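# A closer look at the structure
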Amino acid sequence: MEFIFTFDDGKKIPYYHQLYQFVRQEIESGRTIAGTRLPSIRNLSDSLAVSKTTVEQAYQQLIAEGYIGSAARVGYFSLPQEHTFARPDVHHPQDLQNQISRWNNIDIDFHPARVDVEYFPFSTLRKISHAVWNTFDHTTLDYGDPLGERGLRTQIARYLLQSRGVVCSPDQVVVGSGIQYSLQLLVGLLGIHNMHVAMEYPGYDRVRSIFAQLQVPIDPIPLESDGIDVKSLSSSTANVAYVTPSHQYPQGMVMSYSKRMQLLEWAKAHKGFIIEDDYDGEFRYGERPIPALQGLDTDERVIYIGTFSKALAPSFRMNHMVLPSSLLKKFINQPHYVDSPVSRFQQLLIEKFMEMGHFERHIRRTRRVYRHKHAVLLQSIRSELGSYATVKGYGAGLHVSIELCTDYSQAELIERAASAGVSVYFSSEVSIAGDAPSVNIILGFGGLSAEQITDGIRRLRSCWFSSDH
């Protein structure tokens, strides 16, 4: 994960203590859930432009108070919220050491952002990279187009039209280095003092954190069975709506066609914008996909964001954004015309990969793989968890959401799962169903084999619902 944090030089508080306070608040608020791996001391010191000593002092304070732990080959990770040194149950150092040992023994990780690296097209990309490198000369060593390489943007525009119904020219496509870059760019274009963002609740905590760090006001808007509650949205003062319509994160529902049209009407009536985050729109396993919001938009009110992280790998750190013409003009005419954050070599590599048809073949192949894993996960949940679990979000993407009927708290479930060698993840919302408490759990399956999925669900049943526990 990454921390979006800015030091306040106006405060008479040491940098290490400001960082300590920020991380502690992220963990206590639930925005950083238990088991999340934190940036290394070196990476965090580089990204925040401070000394390693500053980061190390902050981390040591967090370890001392039980907010985070560390282990060999794992690094630093957040601990369950109940297990801070402010509570009596982990005052003894041995308790913390036992907690660290449990996290170090994880061998099945239901992380929602993992992909299947076994099917990564190493050999194809290796051949293409040699060919691309051989075309490099002094003209390709310059900064390049701030929007991204023209050829890559052409390929992205063609692909989006065919696969997602996104209607745009290559000139509207901006190649970026991830959701953080795209949102920071948008805040600059729209103006921080002119923005009031509405977000789905529960929603993508990382995006909420980015907006919060950029000091953009945020309104949480509840969800209905087919997506964001447009009536509640209309009652807010927001002029920008961030949504994940193709596969809502984390609940998993697909926004209906009628709801999409209502949302577009809201944007037109309020002269607002919709940020459509299509983070895993390539992967659907049931009904025919509904066209992207951007493709239904006739008033240029939708900002479409897609990524290569799910289709290829997170380490590519490359995404794309389609800007309406009004924002494109602002981007081009801004005084400090930013350079593209993605290397030209990587852009040319993916351009050729797409141009030769390899990207679409890779998507078709991995879609079959993920469809099988998705089916295995659903079958395992039904057979092992039975009436204890209700599947809420499925049919698309690389994770499903289930509502778990249990007397355990989220922290207790996480700890019991870790004791069984399994990592699980939760949304920030805790709901109540009748008299029995229920918890929303997110199970990612992209990075696991079918055998690991089956074994993982079986272990969860044993440690959560077995009468022996």
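Figured I'd write up the structure that's included with this text. (Residues numbered from 1 in each chain as written. Predicted model: local features only at pLDDT ≥ 70, side-chain atom pairs only at ≥ 80, totals over all residues. Heavy atoms only, no water.)

## So, the overall build of the protein chain
Within the protein chain, the regular secondary structure consists of 16 helices and 16 strands. Classification of the 469 residues of the protein chain by burial places 54% in the buried group. Intrachain contacts of the protein chain at a sequence separation of at least 6 include 71% that bridge at least 24 residues. When the accessible surface of the protein chain is totalled, it reaches about 21100 Å², and 50% of it is carbon and sulfur. (Helix = DSSP H or I, 4+ residues; strand = E, 2+ residues; numbered from the N terminus. Buried < 20%, exposed > 50% of the residue type's maximum accessible area, 1.4 Å probe, protein only. Contact = heavy atoms within 4.5 Å. Areas by Shrake-Rupley, 256 points an atom, 1.4 Å probe, with all protein chains shown as cover.)

## Regarding the packing of helix H15 (residues 410-419) against helix H16 (residues 450-465)
Axis separation between H15 and H16 bottoms out at 9 Å; the angle between their running directions is 125°. With respect to each other, H15 and H16 are oriented oblique. For H15 against H16, the interelement crossing comes out right-handed. In this structure, H15 contributes Leu413, Arg416 and Ala417 to the contact, and H16 contributes Leu460, Cys463 and Trp464. Considered class by class, the residues forming the contact of H15 with H16 number five nonpolar, no polar and one charged. (Axes fitted to C-alpha atoms, helices over the stretch in contact; angles between N-to-C directions. Parallel < 35°, antiparallel > 145°, perpendicular 65-115°, else oblique. Left-handed = near helix turned anticlockwise from the far one by under 90°. Nonpolar A, V, L, I, M, F, W, Y, C, P; charged D, E, K, R; others polar.)

## Quick word on the packing of helix H5 (residues 122-134) against helix H13 (residues 344-355)
Two numbers describe a pair of packed helices, the interaxial angle and the distance between the axes. Across the interface, H5 lies against H13 with an axial gap of 9 Å and an inter-helix angle of 120°. Considering the angle they form, H5 stands oblique to H13. By crossing handedness, the relation of H5 to H13 is classed as right-handed. In contact with Thr124, Leu125, Ile128, Ser129, Val132 and Trp133 of H5, H13 contributes Phe345, Leu348, Leu349, Lys352 and Phe353. Tallied by class, residues from the contact of H5 with H13 come to eight nonpolar, two polar and one charged.

On their own, these measurements won't tell you what the molecule is for.
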